[in-house]
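# Descriptive structure summary
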Number of protein chains: 2
Amino acid sequence: MPSPLKERRTSGAARDGVSEFTTERLSIYLRCLAQLEAAGVTTISSAKLAERFHLNSAQIRKDLACLGELGIRGVGYRVADLRSHLAQALGVDRTRKIIIFGAGNLGIALADHRGFNIDGFEVVGLFDDDDAKHGRSTRNGIPIQPVDRLEAVIASERVEIGIIAVPAPAAQEVCDLLVDAGIAAILNFAPVQLRQREGVAVTSVDLRINLESLSFALTSVRKD
Amino acid sequence: MPSPLKERRTSGAARDGVSEFTTERLSIYLRCLAQLEAAGVTTISSAKLAERFHLNSAQIRKDLACLGELGIRGVGYRVADLRSHLAQALGVDRTRKIIIFGAGNLGIALADHRGFNIDGFEVVGLFDDDDAKHGRSTRNGIPIQPVDRLEAVIASERVEIGIIAVPAPAAQEVCDLLVDAGIAAILNFAPVQLRQREGVAVTSVDLRINLESLSFALTSVRKD
DNA sequence: GCATGTGAATGGATTCACAGCT
DNA sequence: AGCTGTGAATCCATTCACATGC
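A brief report on the enclosed structure follows. Nothing here was measured: the structure is a model prediction, and the numbers come from that model.

Each partner contributes residues to the interface: chain B has 75 residues there, and chain A has 75 residues. Of the roughly 6,800 Å² buried between chain B and chain A on both sides combined, carbon and sulfur atoms contribute 63%. Here chain B and chain A share two salt bridges between them. Here Arg-31 of chain B and Asp-206 of chain A are joined by a salt bridge, their closest N and O atoms 2.7 Å apart. The tally of links from chain B across to chain A stands at 18 residue pairs in polar contact (both at pLDDT 80 or more). At 14 residues, the largest contribution of residues to the side of chain B that touches chain A is made by helix α9 (residues 207-220) of chain B. Broken down by class, the residue content of the side of chain B that touches chain A amounts to 38 nonpolar, 17 polar and 20 charged.

Pasting the structure below:
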């Protein structure tokens, strides 16, 4: 039984003993290491990393220990080595393909989103049930396709990740559609709690909640 | 000293004793109550709410207790009453104005985003430093304005929330610009950790991290 | 009787502190 | 000497369980 926290944010598989919190930090470390490597840094200590993120160095060591004993006592971590291990653990050492369902403003923006089209990810399809949109393409040239092409694209391109960018009322139906078509991981932008199926990882991004959290902070910390 | 968890997600003010986790759930409850009220339900118990969200009823009661003693023992909560208290606590009983910096695909999509333009929020400005974009408008008619209009709009419209939708290298500069112009809460979509100033609430949405978390789940739960 | 509000218990994430390797 | 890896300690969120009030 997953904790409600994970229930809401990401659910499906907090793999092994690695929690969602740790996973997200691993992703942050990976980004940082890529920058360090580009800057020519060859070795880094957990204390130095901790400084950058305002994190505790023990936490970083614990997080990294999930990948095996990669550190060298008395020295630190080899940047290149650690980066490649992290990339492998996060599964971005190869390219995972993504399709997006919903070609509204958000879906189109996400299809061309830089972070979704580099270093291990690639958007290979954009779908919508509105006939009027079919045939058009995003600026980056991703064509908007009808729903009946969905299954074929997922199968032939070996798509693993589906993004839901449709209005709330349609989200559950689209989710089921994606799962039936073989999608194993879903990133949901619709403001609904999706009924999830066994073995499918689902993460929701609810922008309204983020806004209201900020608004809540504003109601108290009014500096006047 | 905030915990790293909050540090990364939302920071600035975990107001009173109310944690970020609780705040996010309050936002979810509010949405649910609006639906219940629309459906004509007048009273609801924590147990019934718990069912909907796969949450523990005690947690819901604890969360709601933050707003005062709103429940009626032996009965439950009055939907309309609770909803209005929640709306007030989250600060959406009045309209908070938003400006977006960065008129790329994402910025434009967010400007027209439904959840950002109803029930307590309104996008009143979209800014970009690219001259070529000025004068154009989003589909919903929000014009793209030059940076030198920023301060005037924030002041005259009493804008409280700023959204950063620019590439990573520009994000910190834009953040400082917004804070200097009087913005008290920031929703950041750039994949960087922003240096934050005292009294400014900052929440970051990092889509790349969400994707990599899903990818991580996929590397293990390969159903074959 | 029934459902809230809450102190106490639990569980999990973070931090401390130090043994152990280089 | 320096820094990792990790058991022990701490902190905080969640859950239990019951006294309290309708």
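Below, the discussion takes up the protein's contact with DNA strand C. Close to DNA strand C lie 24 residues; Asn-56 and Lys-62 of chain A together with Ser-46, Arg-61 and Tyr-77 of chain B are nearest. Put simply, 64% of the atoms of DNA strand C that lie within 4 Å of the protein are in sugar or phosphate. The contact in question runs from a base nitrogen of DNA strand C to an N or O atom on the side chain of Arg-61 of chain B, over 2.6 Å. The contact in question runs from a phosphate oxygen of DNA strand C to an N or O atom on the backbone of Leu-70 of chain B, over 3.3 Å. Broken down by secondary-structure element, the contributors of at least two residues to the surface near DNA strand C are α2 (20-38) and α4 (57-65) of chain A together with α4 (57-65) of chain B. Of the residues contributing to the surface near DNA strand C, the split by class is seven nonpolar, eight polar and nine charged.

Scoring rules and cut-offs
Residues numbered from 1 in each chain as written. Chains lettered and ligands numbered in written order. Predicted model: local features only at pLDDT ≥ 70, side-chain atom pairs only at ≥ 80, totals over all residues. Heavy atoms only, no water. Contact = heavy atoms within 4.5 Å. Buried area = accessible area lost by both parts, 1.4 Å probe. Salt bridge = Lys/Arg side-chain N within 4 Å of Asp/Glu carboxyl O. Polar contact = N/O pair within 3.5 Å; in protein donor to acceptor, adjacent residues only side chain to side chain. Helix = DSSP H or I, 4+ residues; strand = E, 2+ residues; numbered from the N terminus. Nonpolar A, V, L, I, M, F, W, Y, C, P; charged D, E, K, R; others polar. Near = heavy atom within 4 Å.

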